[in-house]
Amino acid sequence: MVDLITCLDPYDIFITKLKNAVDDIGDRIIPIVYSDIKHFKYFNDTYGYKLGDDLIAEFAELVCKDNSYITGARVVSDNIVTAGYVSNKIPRDDMLKHIRQVNDEIEEYLCKKFKCRRISIATGVYFITAESKDINVETAISNANFARKQAKESKDESVIFFDDTMAERINRELDILASIKDALSDKELMPYYQPKVNSITGLIEGAEALVRWRKPDGTFIYPDQFIPAIEKSGQITDVDYYMYEEVFRFIKNRLDNGEPIVPISLNVSRAHLTTLNIIGKIKDLLVKYPIPTEYVEFELTETSCMENPDSARQFIDAMHELGIKVSMDDFGSGYSSLNLLSEIPFDIIKLDRTFLKSKIPESKERIIISSIVTMSRELGMKSLCEGVETEGQSIFLKNIGCNTQQGFLFSKPIPQTEFEALLI
Ligand code: C2E
Ligand code: CA
Ligand code: CA
């Protein structure tokens, strides 16, 4: 039996052949090359599954063409892993150049054949050497896969070799996954609040809730250090929900005590958006903490909307029925599709902080930012710019009619008590 789409070895045969090859390694090395096509889902959605399968088949054949090839398999979807012998005399830099070149050729060929604008391959490599030949081959493959994911996330390197710093990262991620559940039940996670300021009045008109993890020893773990790991494991939805509950309770307490409060926005992770019971969970929270819905907002990232436009639309429609506003977060940071803006009825566009490059925005920056602000206004959406750090940026944004600003110029994300002190 072979893999039906690619004619490669089935995965279990791949493992057996790889184990045998490792036994015979001698003084050679075996690079495990793990590749996939970036945005393959987009290709599938645009060109259809039949062509998607053809692309995988062709891709697999080309990836496996190298002369030292021993075996190759399709692990899942468009993920192809191959293994072959290479002399230990070949410098790693030369191998890197070689794989980049092979990938470039495959990309060019596939683009022509499938008549699409761009195909990019992400590749991760793990080297089994005579010294490391006792490694479990499944671990070696998952290391190569880990390097591939780094390559997929990286903006400037599409081929990445696994190294020791990645091994440390894997261990850190495993620690996080093992401890997040207890951290939630022990309330080590908490919302910090970053004010949003009205460009004209300079007053706080809202805030974004951002998660912070405070360890019992008082040290903090920031979202960028733990969210990627728990996104992969799916536990991000627990964290999101925990944050929603903390914030709903906070708003209700303020209102019950007759204290002032502003709308608070909450982040919706990509994984959460596709599990549509998120809508049911939000409705349940509104029953448990009955608050006027104008006090909560949700933020969907541009990337997760691009990946799941139907779920995004369903989510927004449901929120609008409840009277809750939704913003498009990190606008401009991903593969922006202006179409998305006309198709999905966002209330607010949050311009990603990477738009603000200079302390006083220079001409090209000004043109780009003001065009987006004008476009949002004409589409009936409000605009908010993130990452405002200087007076010069703030004045510029006010002058071009950007409604709201958020950034270190006004405040970093702060603990609840500090935030409450600002609400007078
Ligand atoms: P984000 O939603 O884009 O949040 C804004 C991030 O930008 C925050 O980082 C904030 O501290 C940072 N920031 C704000 N103003 C400035 C500025 O003027 N300059 C610079 N350089 N940075 C600024 P943080 O809190 O580390 O959060 C990082 C990301 O983690 C967030 O990006 C969001 O994607 C994610 N995140 C945070 N909390 C949650 C959560 O509760 N649930 C989910 N799903 N994601 C969260
Ligand atoms: Ca956000
Ligand atoms: Ca953002």
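Please refer to the structure higher up on the page.
An account of the accompanying structure is given in this report. Everything numeric here is computed off the predicted structure, so don't read it as measured data.

The rules behind each value
For every chain, the first residue of the written sequence is number 1, and numbering continues from 1 onward in sequence order. As a convention, the first chain written is A and the first ligand written is 1, with the rest following in written order. Local features in this predicted model are restricted to residues whose pLDDT is 70 or higher, and side-chain atom pairs enter the listing and the counts only when it is 80 or higher, whereas totals over whole chains, interfaces and linings include all residues. In computing side-chain values, all of the structure's heavy atoms are included and hydrogens and water are not. Any two strands with at least two DSSP bridges between them are considered paired. Numbering of helices and strands runs from the N terminus, with a helix taken as a DSSP run of H or I at least four residues long and a strand as a DSSP run of E at least two residues long. Coordinating donors are taken as N, O and S atoms within 2.8 Å of the metal, stretched to 3.2 Å for Na, K and Ca; because water is absent from the atoms, sites can appear incomplete. Type-normalised accessible area, obtained with a 1.4 Å probe on protein chains alone, sets the label of each residue: buried when under 20%, exposed when over 50%, and partly exposed for intermediate values. Pairs were defined over the aromatic rings of Phe, Tyr and Trp, the Trp ring being its six-membered one, requiring ring centres within 6.5 Å. Orientation was assigned from the angle between planes: stacked under 30 degrees, edge-to-face over 60, tilted for the rest. Residue count minus one, scaled by 1.5 Å, sets the expected span of a helix. Two residues form a contact once any of their heavy atoms are found within 4.5 Å. The convention used is that axes are lines fitted to C-alpha atoms, helices contributing only their stretch in contact, and that angles between N-to-C directions extend from 0 to 180 degrees. Note on terminology: near, applied to a residue and a molecule or strand, indicates that one of the residue's heavy atoms is within 4 Å of it. Any pair of nitrogen or oxygen atoms within 3.5 Å is treated as a polar contact; in protein, a donor-acceptor pairing is required on top of that, and neighbouring residues in sequence qualify only through side-chain atoms on both sides. The Shrake-Rupley method, run with a 1.4 Å probe sphere, supplies the accessible areas, and residue values consider only the shown protein chains as cover. Side-chain classes follow a simple rule in which Ala, Val, Leu, Ile, Met, Phe, Trp, Tyr, Cys and Pro form the nonpolar group, Asp, Glu, Lys and Arg form the charged group, and the remainder, Gly included, forms the polar group. Only buried residues count toward a nonpolar core. Its members are Ala, Val, Leu, Ile, Met, Phe, Trp, Tyr and Cys residues joined through side-chain atoms within 4.5 Å.

Sheet topology places strand β2 (residues 69-76) next to strand β3 (residues 79-84); 6 bridges connect them, and they run antiparallel. Following the sheet pairing, R74 is matched in β3 by I80. Two successive antiparallel strands, β2 and β3, enclose a turn made up of 2 residues, where S77 displays a positive phi of approximately 45 degrees.

Let us now look at the coordination of the calcium ion (ligand 3). Donor atoms from the polypeptide that coordinate the calcium ion (ligand 3) comprise D329 (OD), D330 (OD), E386 (OE) and E386 (OE), at 2.2 to 2.4 Å from the metal. Taken in chain order, the donor set of the calcium ion (ligand 3) reads D-D-x55-E. Separation of the calcium ion (ligand 3) from the calcium ion (ligand 2) amounts to 3.9 Å, with D329 serving as a shared donor to the pair. Given the relative accessible area of 5%, D329 is considered buried. In this structure D330 comes out as partly exposed when scored by relative accessible area, which is 23%.

Throughout the structure, instances matching the rule amount to 14 aromatic pairs. Centroid distance Y193 to F419: 5.0 Å. Interplanar angle 10 degrees. Geometry classified as stacked. Taken together, the positions of Y193 in strand β6 (residues 189-198) and F419 in helix α16 (residues 416-422) put the pair 226 residues apart, joining distant regions of the chain. Among the residues examined, F419 registers a relative accessible area of 0% and is labelled buried. An angle of 90 degrees between the planes, with centres 5.3 Å apart, marks the rings of W213 and F226 as edge-to-face.

This paragraph deals with helix α3 (residues 49-63). Given a rise of 1.5 Å per residue, 15 residues ought to cover 21 Å, and the 20 Å separating the end C-alpha atoms of α3 matches this to within 8%. Taken together, the buried positions of α3 are occupied by G52, L55, I56, E58, F59, A60, L62 and V63. Tucked into the core, α3 has its buried residues touching β1 (30-37), α2 (40-47), β2, β3, α4 (92-114) and β4 (121-128).

The next thing to look at is the pairing of β4. When you tally the buried positions in β4, you get 8 out of 8 residues, the bulk of the element. Burial along β4 is two-sided: the face carrying I121, T123, V125 and F127 and the face carrying A122, G124, Y126 and I128 are both buried. Of the pairings in the sheet, the one linking β1 to β4 comprises 8 bridges and is antiparallel in character. Within β4, the residue paired with D36 across the bridge is A122. Of the strand pairs in this sheet, β4 and strand β5 (residues 159-161) are connected by 3 bridges, and their pairing is parallel. Looking at the pairing, G124 lines up with I160 of β5.

Across the sheet, which stays open at both edges, the 5 strands sit in the order β2-β3-β1-β4-β5 with mixed pairing between neighbours. Two strands in the sheet have a free side with no partner beyond their single neighbour: β2 and β5. Pairs of neighbouring strands in the sheet enclose a mean axial angle of 20 degrees, with direction left out of account. Across the sheet, helix α1 (residues 11-23) lies against β1, β2, β3 and β4, angled at about 145 degrees from β2, the strand it touches most.

Turning our attention to the side chain of R254. Locating R254 in the fold gives a position in helix α8 (residues 236-256). In this structure, R254 is in contact with E259, P260, I261, E420 and L423, ignoring residues within four places of it in sequence.

Another aspect to go through is the coordination of the calcium ion (ligand 2). Protein-derived ligands of the calcium ion (ligand 2) are E208 (OE), N267 (OD1), E299 (OE) and D329 (OD), with the metal-ligand distances lying across 2.2 to 2.3 Å. Considered as a linear motif, the donors of the calcium ion (ligand 2) on their single chain read E-x58-N-x31-E-x29-D. Of the residues examined, N267 reaches a relative accessible area of 24% and is grouped as partly exposed.

With respect to spatial proximity, 23 residues lie near ligand 1, and among them R212, D240, R353, E389 and F408 are the closest. In this structure, Q194 approaches ligand 1 through a side-chain N or O atom, which is 3.0 Å from a nitrogen atom. In the model, an oxygen atom of ligand 1 is placed 2.8 Å from a nitrogen or oxygen of the F408 main chain. Protein coverage of the free-state accessible area of ligand 1, which is 800 Å², stands at 84%. At the level of secondary structure, the elements contributing two or more residues to the shell around ligand 1 comprise β7 (204-214), α7 (223-233), α8 and β11 (325-331). Counting residues per element, the shell around ligand 1 draws most heavily on β7, at 4 residues. For the shell around ligand 1, a count of residues per class yields 9 nonpolar, 5 polar and 9 charged.

Turning to its location among the elements, F59 is positioned in helix α3. Residue class for F59 comes out buried when judged on its relative accessible area of 0%. In this structure the C-alpha to C-alpha distance between F59 and I37, which are 22 residues apart in sequence, comes to 8.6 Å. Excluding its chain neighbours within four sequence positions, the residues that come into contact with F59 are S35, D36, I37, D78, I80, I106, L110 and I121.

F248, I264, L300 and F315 are the most contacted members of the largest nonpolar core, which has 71 residues in total. With 9 residues, α8 is the largest single contributor of residues to this core. Setting aside chain neighbours within four positions, we find I264 in contact with Y193, A207, A209, V247, I251, Y295, V296, E297 and F419. In this structure, F14, V22, A151 and I170 belong to the second largest nonpolar core, which totals 27 residues.

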